[in-house]
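Overview (structure and organization)
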Amino acid sequence: DPAATRRVLEVKGGGWGPADWSPDDAKLVVFEAISVNESYLWLVDVATGAVKRLTGERGTWTSPVISPDGKLVAYAGREYLPVVWQTGDLWVMNIDGTGHRNLTRALDREVGGFLGTGTIAWAPDGSGLYISPEDRGTSNVSFVPLSGPIRAVTTGNHMLTFTSMARTGDMAGVRIPPYELTLPP
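Residues numbered from 1 in each chain as written. Predicted model: local features only at pLDDT ≥ 70, side-chain atom pairs only at ≥ 80, totals over all residues. Heavy atoms only, no water.

Focus: the sheet that holds strand β7 (residues 89-94)
Rules: Strands are labelled as partners when DSSP assigns at least two bridges between them. The helix count covers DSSP runs of H or I at least four residues long, the strand count covers runs of E at least two residues long, and both are numbered beginning at the N terminus.
The strand order across the open sheet built from four strands is β5-β6-β7-β8, with neighbouring strands paired in antiparallel fashion. Looking at the sheet topology across the chains shown, the edges are occupied by β5 (59-66) and β8 (101-102). The pairing of β7 with β8 spans two bridges and is classified as antiparallel. Bridge pairing links W91 to N102 in β8.

Next comes the structure, spelled out in structure tokens:
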């Protein structure tokens, strides 16, 4: 309702990026980009406008997604490094900013949500997350449980990404077939 529109947060400086609402619409998680290799996640109380920084450690932290029960926040990122490029991992923390855990340290590929590209989506039951990491010119969907090994959901020689997920677990996305290079005779 446009008549009910109100300002929840006013920010200055930096670059502020995608946000995610808690299931009860009481909280909002946003990210603030300071530079190409430094950003932070913030929790906003919608009723009061109070803000709390969730990521205390200096680093690049982006793409926050709140779990279906509102208790956890998944996000992509990495600790601060003086270099611009380093692969980002999938992390999870409690909604209050405690209990940070790296879920994909063993995965030597960029997770789908780093720097706002791709999608990170919670499973409807909150048991883990779906990502679409690139690997040697292809991309497939993988499931990252909160504990246990990562498992492939799709396989194939294509670029497959998803853009949204229904509460039933159905995904909408894009599949691009492999590019075949034809050289002139």
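There's plenty left to go through after this.
Digging into the environment of S147
Heads up, the condition is: Using a 1.4 Å probe on the protein chains alone, a residue whose accessible area is under 20% of its type maximum counts as buried, one over 50% counts as exposed, and one in between counts as partly exposed.
Within the secondary structure, S147 is located in the loop between β13 (142-145) and β14 (151-152). Looking at S147, the relative accessible area reads 62%, which means it is exposed.

Digging into the sheet that holds strand β9 (residues 121-122)
One open sheet accounts for four strands, arranged β9-β10-β13-β14; its pairing is antiparallel. Each edge of the sheet is formed by a strand with only one pairing partner; in this case those strands are β9 and β14. Sheet analysis places strand β10 (residues 128-131) next to β13, joined by four bridges and oriented antiparallel. Looking across to β13, one finds that G128 is bridged to P145.

Digging into the layout of surface pockets
Operational definition: Using only the protein atoms, space was sampled on a 1 Å grid; points where a 1.4 Å probe fits but cannot get out form cavities, open sets with protein on both sides within 12 Å along at least five of seven lines form pockets, and lining residues are those with an atom within 4 Å of a point. Grid points are joined across faces, edges and corners, and a volume is the space filled by probe spheres set on the points.
Approximately 230 Å³ is the volume found for the second largest pocket. Contributing to the lining of the second largest pocket are 16 residues, with P133, D135, T138, N140 and S142 lying nearest its centre. Of all the secondary structure elements, the ones that give two or more residues to the lining of the second largest pocket are β11 (134-135) and β12 (138-139).

Section: the environment of G15
Convention followed: Contacts: residue pairs with any heavy atoms within 4.5 Å of one another.
With respect to the helices and strands, the residue G15 is situated in strand β1 (residues 15-21). The class of G15 is partly exposed, set by a relative accessible area of 30%. Residues G15 and S35, 20 residues apart in the sequence, show an inter-C-alpha distance of 8.4 Å. In contact with G15, not counting residues within four places along its chain, are F31, E32 and A33.

Here we look at the pattern of salt bridges
The condition is simple: Counted as salt bridges are all cases of a side-chain nitrogen of Lys or Arg within 4 Å of a carboxyl oxygen of Asp or Glu.
If you walk through the whole model with that rule in mind, you get three salt bridges. When the shortest N-O distance is used, the salt bridge between E38 and R58 registers 3.3 Å. Separated by 20 residues along the polypeptide, E38 in strand β3 (residues 38-45) and R58 in the loop between β4 (51-53) and β5 bring together distant segments of the chain. Among the residues examined, E38 registers a relative accessible area of 13% and is labelled buried. By relative accessible area, R58 is classed as partly exposed at 40%. We note a salt bridge from R136 to D135, for which the minimum N-O separation is 3.1 Å.

Points about the pairing of β7
Every other side chain in a regular strand lies on the same face of the sheet, so the side chains alternate between the two faces. Counting buried positions along β7 gives five out of six residues, so the element sits mostly inside the fold. One ladder, built from six bridges, connects strand β6 (residues 72-79) with β7; its direction is antiparallel. Pairing of L72 across the sheet is with N94, part of β7. Counting the residues in the hairpin turn of β7 and β8 gives six residues, including G97, whose phi is positive at 90 degrees.

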